Amino acid sequence: MDLPRGNQTNTSARIPWVRALLVATALLAAATVRADLPPPKPPLPSQSNPPSLVQPADCIIGQTCYIQNYVDADPGPAARDFRCNPLSYDGHKGTDFAVPTLADMARDVAVLAAAPGRVRGVRDGMEDGAYLNDPNSVKEVECGNGLAIEHGHGWETQYCHLRKGSLLVKPGQEVTSGTPLGLIGQSGLAEFPHVHFALRFQGKPVDPYNPDRRDACAQPPEQTLWTGTPPAYIPGGVLLAGFAQRSPKLDVIGAGGGAAETLPPDSPQISLWGYLFGVRAGDEVVIEFAGPDNIYHKRTNKIDRNIAILSRFSAKRRAGPAWPTGAYTGRVTLMRNGQSLDYKTATTFISP
Ligand SMILES: [Zn+2]
């Protein structure tokens, strides 16, 4: 089996070359396959040591407060909340816990620390309602009176629009869940009294109702960052209803006025108004009231677009020389898809 030397040399020289080529091809193939794989995903917020949150406002959702806006879940120029309803606006990065009126704000609703942590920054001294008087006055200070709390592991919460002079904590102070921080107000860029509550992980906004941004249109997400049952999700409703001689303007209702406990018998008309939030195109607002001697009035008001806050009213003109004396009771109902979503009642008296 003596092979010619030349031949042998030739073969042994070829083998490492082929082997090198094969190895290089294999590496290249592996590299190609690796490039086709998606980049490694960062851990989900819900799996990154998130704080467990309590409601950051000392009020009852649906009774003494409501949520006007959630985190905008739409990545584009449109806006929707995590349930795919329009309770948000483009780029909104927090949850707005609101009280219906300025009169409710004056009843001192506490803003609470949502989780244990250390206060980072505090600002106080800005006027409530300044944005409505002069939008330029809140430039660069949109949060108004507020603060941030660091919770560790890259997590932070922020609380905005607190009432002037109400802040109770200092930078560096340790707080725990439910520590009072101040009061709900309307400082900074705020059109209504509320606390804007923002949650951030590594500087990026996270929706505590849907931290991992799962599809939650049909069903609420199982994974939230709230302790126990999350603050109630209410997709729109009637905040207030009241009787009046003349239907009050929106800002009068928003201030806490506009409802008459009594009306004179010679009132030219009786008006019933409702103050509603999260109203949608296609909804109906039913306004009805009844009084002595079979006085009855009912009107249905069709809504043609989505509106964050609105008032609607309907009035009945006096037929005779005077209204029958006694109690008048009314109801304002928000109808959605033919069903009652929410209602509020009101009473007034006509005395001789
Ligand atoms: Zn907000």
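(A) How the structure looks around the overall build of the chain. Broken down by element type, the chain carries four helices and 18 strands. Overall size of the chain, expressed as C-alpha extent along the three principal axes, is 135 × 50 × 40 Å. Burial status across the chain gives 38% buried among its 352 residues. By sequence separation, contacts in the chain at least 24 residues apart represent 68% of the contacts at least 6 residues apart.

(B) A look at the sheet that holds strand S12 (residues 262-263). Strand order in the open sheet formed by five strands is S12-S18-S17-S14-S15, with mixed pairing between adjacent strands. Either end of the sheet is taken by a strand with one partner, and the two such strands are S12 and strand S15 (295-302). Of the pairings in the sheet, the one linking strand S14 (residues 284-291) to strand S17 (residues 326-336) comprises seven bridges and is antiparallel in character. Note on S17: the bridge partner recorded for Phe289 is Gly330.

(C) Representation of the sheet that holds strand S13 (residues 269-279) within the structure. Taken in spatial order, the three strands make up an open sheet running S11-S13-S16, and their pairing is antiparallel. Whereas interior strands pair on both sides, the edge strands pair on one side only; in this sheet they are strand S11 (237-244) and strand S16 (307-317). Here the average twist between neighbouring strands, direction ignored, is 15°. Across seven bridges, S11 lies against S13 in antiparallel orientation. Looking across to S13, one finds that Leu240 is bridged to Tyr275.

(D) View of the domain arrangement of the chain. For the chain, the domain assignment lists domain 1 (47-205) and domain 2 (237-350). If you average the C-alpha positions of domain 1 and of domain 2, the two centres end up 32 Å apart. If you look at the interface, domain 1 gives ten residues, while domain 2 gives 13 residues. Going through the elements one at a time, strand S1 (66-69) and helix H2 (102-105) are the ones with two or more residues in the side of domain 1 that touches domain 2. Per-element tally for the side of domain 1 that touches domain 2: the top contributor is H2, with three residues. Along the lines of polarity and charge, the residues of the side of domain 1 that touches domain 2 split into seven nonpolar, two polar and one charged.

(E) Layout of unusual backbone geometry. Backbone geometry places Asp108, a non-glycine residue, at a positive phi of 65°. What makes Asp108 exposed here is the crowd of 11 C-beta atoms within 10 Å. Positive phi outside glycine occurs at Asn337, with the angle close to 50°. With respect to the helices and strands, the residue Asn337 is situated in the loop between S17 and strand S18 (339-350).

(F) Representation of the environment of Pro220. Summarising the element assignment, Pro220 is placed in the loop between strand S10 (204-205) and S11. For the pair Pro220 and Tyr275, spaced 55 residues apart in sequence, the C-alpha separation works out to 27 Å. Once residues lying within four places of it in the same chain are set aside, the contact partners of Pro220 are Arg83 and Tyr233.

(G) Up close: the nonpolar core. Residues Ala57, Val111, Val195 and Leu272 are the most contacted members of the largest nonpolar core, which totals 76 residues. The element that contributes the greatest number of residues to this core is S13, accounting for seven residues. Residue-level mapping places this core at the junction of two domains, with at least three residues from each of domain 1 (47-205) and domain 2 (237-350).

(H) A look at the pairing of S14. Alternating positions in S14 separate cleanly, Val285, Ile287, Phe289 and Gly291 being buried on one face and Glu284, Val286, Glu288 and Ala290 remaining unburied on the opposite face. Pairing of S14 with S15 involves eight bridges; the strand directions are antiparallel. Each residue of the ladder has a partner; that of Phe289, found in S15, is His297. Adjacent in sequence and paired antiparallel, S14 and S15 are bridged by three residues, among which Asp293 carries a positive phi angle near 55°.

Calculation criteria
- Residues numbered from 1 in each chain as written.
- Predicted model: local features only at pLDDT ≥ 70, side-chain atom pairs only at ≥ 80, totals over all residues.
- Helix = DSSP H or I, 4+ residues; strand = E, 2+ residues; numbered from the N terminus.
- Buried ≥ 20, exposed ≤ 12 C-beta atoms within 10 Å, placed from the backbone.
- Contact = placed C-beta atoms within 7 Å.
- Pairing = 2+ DSSP bridges.
- Axes fitted to C-alpha atoms, helices over the stretch in contact; angles between N-to-C directions.
- Domains from an automatic or database assignment.
- Nonpolar A, V, L, I, M, F, W, Y, C, P; charged D, E, K, R; others polar.
- Core = buried A, V, L, I, M, F, W, Y, C linked by C-beta atoms within 7 Å.

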